[in-house]
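As a plain string of letters, each chain reads:
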Amino acid sequence: MQATPHPSTHAAGKPALDFTWPVEGIARAPYRLFTDPEIYRLEQERIFRGRCWNYLCLDVEIPKAGDYRTTVIGETPVIVTRDHDGKIHAMVNRCAHKGALVCLKKQDNVASLTCVYHAWNYELDGKLKGVAFRNGVRGQGGMPSDFDVAKHRLQPIRIENFCGIIFGTFSEEVEGVESYLGPDMAQFIKRNLDRPLRVLGTHSQTIHNNWKLYAENLRDSYHATLLHTFYTTFKVNRLDMDGGIILSDEKWHHLSFARRAKMEEAAEYSEAKVHSASYDSALEGPGLLEAWEEFDDGITHSIQTVFPNMCIQFTLNSLAIRFFAPKGVDKTELFWIYLGYDRDTEQQSQMRIMQSNLTGAAGLVSLEDGCINEFVQRGTRNDPQCSSFMEMGGRVAESEKNSRATEAAVRGFWQGYRGIMGF
Amino acid sequence: MPSVIEKPAAQSSGDPCREAAELIASYGHAMDDGEIDLWPQFFTSNGIYHITTRENHEAGLPIGIMRCVGRGMMIDRVKAFHTANIFEPHTYNHIVGYPTMSYDKASGCVTARSNFQVVRIMETGRMELYATGKYLDVIQQEGGSLKFRERVVVMDSRNVDILLVVPL
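Cut-offs and rules
Residues numbered from 1 in each chain as written. Chains lettered and ligands numbered in written order. Predicted model: local features only at pLDDT ≥ 70, side-chain atom pairs only at ≥ 80, totals over all residues. Heavy atoms only, no water. Helix = DSSP H or I, 4+ residues; strand = E, 2+ residues; numbered from the N terminus. Buried < 20%, exposed > 50% of the residue type's maximum accessible area, 1.4 Å probe, protein only. Contact = heavy atoms within 4.5 Å. Pairing = 2+ DSSP bridges. Axes fitted to C-alpha atoms, helices over the stretch in contact; angles between N-to-C directions. Salt bridge = Lys/Arg side-chain N within 4 Å of Asp/Glu carboxyl O. Polar contact = N/O pair within 3.5 Å; in protein donor to acceptor, adjacent residues only side chain to side chain. Parallel < 35°, antiparallel > 145°, perpendicular 65-115°, else oblique. Nonpolar A, V, L, I, M, F, W, Y, C, P; charged D, E, K, R; others polar. pLDDT = per-residue confidence, 0-100. Expected span 1.5 Å × (residues − 1).

**Looking at the environment of Met66 of chain B**
Part 1: The residue Met66 of chain B is located in strand β2 (residues 66-69) in this model.
Part 2: Residue Met66 of chain B is classed as buried on the basis of its relative accessible area of 1%.
Part 3: Distance from Met66 of chain B to Ile36 of chain B, taken between C-alpha atoms, is 16 Å for residues 30 residues apart in sequence.
Part 4: Excluding residues within four positions of it along the chain, Met66 of chain B makes contact with Asn357 and Ala362 of chain A together with Tyr49, His50, Ile51, Arg77 and Leu164 of chain B.

Structure below.
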């Protein structure tokens, strides 16, 4: 049996919950983790309010001065704005007066932020500008003479823009985003996103499971060809059976990739990268899989997670961000943000559009993920003392560059989770 | 399946809007009766079926939730439904409002808009409102019967509960 990795010191000194991790360590996850409201509450504090960078939105979603959009960190409502100097700010979406939501729309363009309740008015960076009836009405009422607008504001959130992704954190201690990601993860995000982006469409899905079951599912490269049988059913010649898993130093982020096998790397593909690569298949509508080789590294499919609740997919040419927001202990909203590049030709955009059929709420390849985690939720909720068993590929969390038949990245998630939760 | 799509042109009522309204009604009935195999036949051979959200539609964004261009892609969807995709069994009940329609004599096309509500019934007996929205259709003759040349399904909500595998 492997030694259980020691929880790191992140959560040292925090009050202990009556909870003990099984001695087998990260190859087990007690089912209680998916159903216990007290653990869920602690996650809001230790993860989403803790030393993590959280996905907020994309730079390209708020291009103009005065643009805002709303999102969440954990269950905390958040506003992201662009001010008149083009600078991006994030703040808790909660009026400094009575605590009402200040912004109600998903996105808008405004001169300043005004709470509808008592018209407290804020600058785009969250500083309080003015208060209605501050000096009273006809000399009566008003705020006390020592009221100081400078002492009230929307609670600011530290942000960083990395490759057009706006990350936010409540932590002053956490290192910068690039260090948080580590070199391997940061490099692959740059490969995928470090150029002007274009949003091609969005939607969301409600999945009836704890958010961590989806976090596991994304890292579970073992299930890919077993649960998702679209490629095998349609005999799609994927040319990408070679692949592996890379974990970040903390093990909680991961990158799973599939690579076009070298022997199959026909000369015509590498010489004419803009031409469609034809994927042999039994499809009646093969236009679905028209694709082109976008990168020189031969990687055709990748899934990359950033702890706690973000993922970047590159499925053939279908680039998307997935963000999954906890909505209670057994409910999660999964957002799909499909992207292309500004530089894409019309033909390339069309290929990305058709390939969007592969994923999402109606994804031919992966729609099963919408229900499979719910099946686990329903199967486990009455037995919190039991645990899952995850020893495919060993009992530790280490990168595995030659195989994806492993649960290494799932164990990696739990290693990071135990560290930050102090479990 | 009682459907106008199988009806030869000679027996048609001659009123294209009335026939288009029947096509729209028949489509909902076929889906509710579990006749997913017939689904591609409701479209012209190069027909377009696109499910998107109101938010994407109004912003002019091209990616929604499902997009089929040509009957071949619809046939693949049906095959995936039967043999590849895994989901909890369920059925739909469509309530489709009477369409507003206009007939363009020159092109022979009927353009129609109808509102829908779809209730999803799970095998556990759970029933719930699954989707509401509007159908934006372009309908034309092909092979002696009316078919959808384009059916854009604009869902009011951005959110899909669990997953979407049976076309709306």
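Next, the rest of the story.
**Side note on the sheet that holds strand β2 (residues 54-58) of chain A**
Whenever strands of a sheet pair, they do so through backbone hydrogen bonds, lying parallel or antiparallel.
Residue and element names in this part refer to chain A.
Part 1: Spatial ordering of the open sheet is given by β2-β11-β10-β5-β4-β3-β6, a layout of seven strands whose pairing is antiparallel. The open sheet has two edge strands with one neighbour each: β2 and β6 (107-109). The sheet shows a mean angle of 30° between the axes of neighbouring strands, taken without regard to direction.
Part 2: Bridge count for strand β5 (residues 88-92) against strand β10 (residues 156-162) is two bridges, and the pairing is antiparallel. Residue Ala90 lies in a different strand from β10, and its bridge partner there is Ile157.

**Notes on the pattern of salt bridges**
Part 1: For the structure shown, the criterion picks out 29 salt bridges over all chains.
Part 2: Between Glu175 of chain A and Arg51 of chain A there is a salt bridge, with its nearest N and O atoms 3.0 Å apart. Pair noted here: Glu175 of chain A is in the loop between β11 (165-169) and α2 (177-181) and Arg51 of chain A is in the loop between α1 (37-48) and β2, with a separation of 124 residues, a long-range link.
Part 3: The class for Glu175 of chain A is partly exposed, based on a relative accessible area of 26%.
Part 4: For Arg54 of chain B, the salt bridge identified is with Asp156 of chain B, shortest N-O distance 4.0 Å.

**Considering the environment of Lys105 of chain A**
Residue and element names in this part refer to chain A.
Part 1: Relative to the helices and strands, Lys105 resides in the loop between β5 and β6.
Part 2: You can call Lys105 partly exposed: its relative accessible area is 48%.
Part 3: The sequence separation of Lys105 and Gly393 amounts to 288 residues, and the corresponding C-alpha distance is 46 Å.
Part 4: Polar side-chain contacts of Lys105 include one of 3.3 Å to the side chain of Asp108.

**A short note on the packing of α1 of chain A against helix α10 (residues 408-421) of chain A**
All names here are of chain A.
Part 1: At a minimum axis distance of 10 Å, the contact between α1 and α10 shows a crossing angle of 85°. Judged on the interaxial angle alone, α10 and α1 are roughly perpendicular. Seen from α1, the contacting residues are Ile39, Leu42, Glu43, Arg46 and Ile47; seen from α10, they are Tyr417, Ile420 and Met421.
Part 2: Taken together, the residues of the contact of α1 with α10 sort by class into six nonpolar, no polar and two charged.

**Topic: the sheet that holds strand β13 (residues 242-247) of chain A**
Part 1: Strand order in the open sheet formed by eight strands is β13(A)-β14(A)-β17(A)-β18(A)-β19(A)-β20(A)-β12(A)-β8(B), and the pairing between neighbours is mixed. The sheet is open, and its two edges are formed by β13 of chain A together with β8 (159-161) of chain B, each paired on a single side. Direction aside, neighbouring strands of the sheet carry axes that sit 15° apart on average.

**A few points about the confidence of the model for chain A**
Residues and elements named next belong to chain A.
Part 1: Within chain A, residue pLDDT values average 91, and 91% of them lie at 70 or more.
Part 2: Per-residue pLDDT stays below 50 along residues 1-10; that stretch engages in 19 contacts with residues further than four places along the chain or on separate chains.
Part 3: Low pLDDT, under 50, characterises residues 272-276; the predicted model gives this stretch eleven contacts beyond four residues in sequence or across chains.

**Looking at α10 of chain A**
Residues and elements named next belong to chain A.
Part 1: Under the 1.5 Å per step criterion, the end-to-end length of α10 is 20 Å for 14 residues, consistent within 8% with the ideal 20 Å.
Part 2: Taking burial as the measure, the 14 residues of α10 include 13 buried ones, the bulk of the element.
Part 3: Positioned one or two residues after α10, Gly422 has a phi angle of 75°, which is positive.

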